[in-house]
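# Results of the structural survey
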Amino acid sequence: MFARCTLSNVVVLVLWAVLVSGATIPTRRATVCNGHAELCSRSYGNVTFIGSHDSFAVSDDPVVLSRDQEVDIPTQLGLGIRLLQAQSHVWDGELHFCHTTCILFDGGRVVDYLAKVKTFLDQNPNEVLTLLFTNPEGQSVDGVWKPIFDQAGITPLAYVPPHVPMKWNEWPTLGDMIDSGKRVVVFLDAGADTSKVNFLLPEFPMIWETPFGVTDPSFPCSVDRIQGPLSTEEHMYMINHSLNKDIFGIIVSDPLDAPTTNGVSSIIANAEGCAPLAGGRLPNFLLLDFVDKGEAFQAGRMLNELA
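Described in the following lines is the structure provided in the data block.

Rules used in this analysis
Residues numbered from 1 in each chain as written. Predicted model: local features only at pLDDT ≥ 70, side-chain atom pairs only at ≥ 80, totals over all residues. Heavy atoms only, no water. Axes fitted to C-alpha atoms, helices over the stretch in contact; angles between N-to-C directions. Helix = DSSP H or I, 4+ residues; strand = E, 2+ residues; numbered from the N terminus. Parallel < 35°, antiparallel > 145°, perpendicular 65-115°, else oblique. Left-handed = near helix turned anticlockwise from the far one by under 90°. Contact = heavy atoms within 4.5 Å. Nonpolar A, V, L, I, M, F, W, Y, C, P; charged D, E, K, R; others polar. Phe/Tyr/Trp six-rings, centres within 6.5 Å; stacked < 30°, edge-to-face > 60°. Buried < 20%, exposed > 50% of the residue type's maximum accessible area, 1.4 Å probe, protein only. Salt bridge = Lys/Arg side-chain N within 4 Å of Asp/Glu carboxyl O. Disulfide = S-S within 2.5 Å. 1 Å grid on protein atoms, 1.4 Å probe; cavity = no way out; pocket = protein on both sides within 12 Å on 5 of 7 lines; lining within 4 Å. Points joined across faces, edges and corners; volume = space filled by probe spheres on them. Expected span 1.5 Å × (residues − 1). Arc of directions from axis to C-beta. Core = buried A, V, L, I, M, F, W, Y, C linked by side-chain atoms within 4.5 Å.

On to the packing of helix H7 (residues 264-274) against helix H8 (residues 296-303). Two packed helices can be described by the angle between their axes and the distance between those axes. Relative to each other, H7 and H8 sit at 40°, their axes nearing to 8 Å. In terms of orientation, H7 lies oblique with respect to H8. H7 and H8 meet at a crossing whose hand is right-handed. Along its contact with H7, which presents Val-264, Ile-267, Ile-268 and Ala-271, the element H8 presents Ala-296, Gln-298, Ala-299, Met-302 and Leu-303. A per-class count over the contact of H7 with H8 returns 8 nonpolar, 1 polar and no charged.

A few words now on the packing of aromatic side chains. For the structure on display, the rule yields 15 aromatic pairs. The interplanar angle of 75° and the centroid separation of 4.8 Å between the aromatic rings of Phe-97 and Tyr-113 together place this pair among those described as edge-to-face. One end of the pair, Phe-97, is in strand S3 (residues 94-98); the other, Tyr-113, is in helix H3 (residues 110-123), with 16 residues separating them in the sequence. The class of Phe-97 is buried, set by a relative accessible area of 0%. Three or more aromatic residues joined by ring pairs form one cluster here, namely Phe-56, Phe-97, Phe-105, Tyr-113, Phe-133, Trp-145, Phe-149 and Phe-199.

Scanning all chains against the criterion turns up 12 salt bridges. In this structure, the salt-bridge partner of Lys-167 is Glu-234, at a minimum N-O distance of 3.5 Å. Highlighted residues: Lys-167 in the loop between helix H4 (141-152) and helix H5 (174-180) and Glu-234 in the loop between strand S8 (207-209) and strand S9 (236-240), separated in sequence by 67 residues. Since its relative accessible area comes to 25%, Glu-234 is described here as partly exposed. A salt bridge links Asp-254 to Lys-245; its shortest N-O distance comes to 3.6 Å. Owing to a relative accessible area of 7%, Asp-254 belongs among the buried residues under this scheme. Through salt bridges with shared partners, one network takes in Arg-67, Glu-70 and Lys-293.

One pass over the full model with this rule turns up 3 disulfides. The disulfide partner of Cys-98 is Cys-102, and the S-S distance across this bridge is 1.9 Å. With the S-S bond torsion at 85°, the cross-link from Cys-98 to Cys-102 turns out right-handed. Sequential numbering of the bridged cysteines in the protein chain gives the disulfide pattern 1-2, 3-4, 5-6.

As a further point, take the layout of surface pockets. The space that makes up the largest pocket amounts to roughly 670 Å³. Per element, the largest residue contribution to the lining of the largest pocket is 4 residues, and it comes from strand S11 (residues 250-253). Within the lining of the largest pocket, the residues separate by chemical class into 12 nonpolar, 12 polar and 7 charged.

Moving on, we come to the environment of Asp-106. By secondary structure assignment, the location of Asp-106 is in strand S4 (residues 106-109). By relative accessible area, which is 35% here, Asp-106 ends up partly exposed. Sequence separation of Asp-106 and Ser-88 is 18 residues, and the distance between their C-alpha atoms is 9.8 Å. Beyond its immediate stretch of four places on either side in the chain, Asp-106 contacts Trp-91, His-96, Phe-97 and Cys-98.

This part takes up H4. Here H4 contains 12 residues, and its C-alpha end-to-end distance of 15 Å stays within 8% of the 16 Å for a straight helix at 1.5 Å per residue. Within H4, burial applies to Val-141, Trp-145, Ile-148, Phe-149 and Ala-152. An end-on view of H4 places all buried positions within 105° of arc, on one side of the element. Summarising the geometry of H4, the exposed residues directed more than 90 degrees from the buried face are Gly-143 and Gln-151. On its buried side, H4 packs onto strand S2 (83-91), S3, H3, strand S5 (129-134), strand S6 (184-188) and strand S7 (200-202).

In terms of nonpolar packing, the biggest core is built from 54 residues, with Tyr-113, Leu-114, Leu-131, Phe-133, Trp-145, Phe-149 and Leu-200 touching the most fellow members. The greatest single-element share of this core, amounting to 7 residues, is contributed by H3. Setting aside residues up to four positions removed in sequence, Phe-149 forms contacts with Leu-114, Leu-131, Phe-133, Ile-154, Thr-155, Val-186, Phe-199 and Leu-200. One finds Cys-40, Phe-49, Trp-168 and Met-177 within the second-largest nonpolar core, a separate group that totals 27 residues.

Turning our eyes to something else, we now look at empty space enclosed by the protein. The final tally for this structure, using the stated rule, is 3 cavities of 30 Å³ or more. As a volume, the largest cavity reaches approximately 50 Å³. His-241, Ser-242, Leu-243, Asp-254, Ala-258, Thr-261, Asn-262, Asp-289 and Phe-290 are the residues that line the largest cavity. Looking at side-chain class alone, the lining of the largest cavity contains 3 nonpolar, 4 polar and 2 charged residues.

Written out as structure tokens, the structure reads:
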């Protein structure tokens, strides 16, 4: 079993030094972070977050093969999803979240999606949330994306790192992020330019992924997408733990096997299989289909060594 890095000994020594010096200890607002007191002193880069793949592609109709979820955004967040992934396309002159094309599955306007996210953030002030959006059409970060975040009210909550790229162990703690009010981390897979919009961060210089569209239930692990200059071990990383079926050459998600795919044994085996590629570290993000099925959140607690 691969162990988590811990800051407990460091925290004890720091507190002792402060007490001996007679200095006052600053009051921390966040005593519970993402549902657990233990996570407040844990670095963002040293936590496993459960994510929703194609989070907008919601339908309970089995005929809709392009669906990847069966419960809506508020329900996903209520379950404990702390990474939302979505694919963007311009449709009718506005940015929408769509599955491959908006003809195939139109998840609605990005601004409306983000409004739901903002409602959750307002109601849950001690939660750190990651947004990972694909930008296949290369839409402008300052001309298209930022105005949408501004309109939804999320821009003031977005975390701006001191430099890019950030190594996994350079990120602040969840408690510090919550205390600062900067508790939404936003990544784009393409087109990010922090000189234009400082909170829209490039994904692959800081996060590598395993292959997607997996049809093998054993989930063999490899580094699929990564950009320099950081080493593989210095990156955070995301496991695409969603099983698919190949139907006459078309890859579609598999809701029937989702309870098994999202089960503890499957997730833990995949995480431990990938850890050697990251210097023994467990994944930062687990991206799942049909997040309401299986035992993903139990697996997440185990990976984070939480009670």
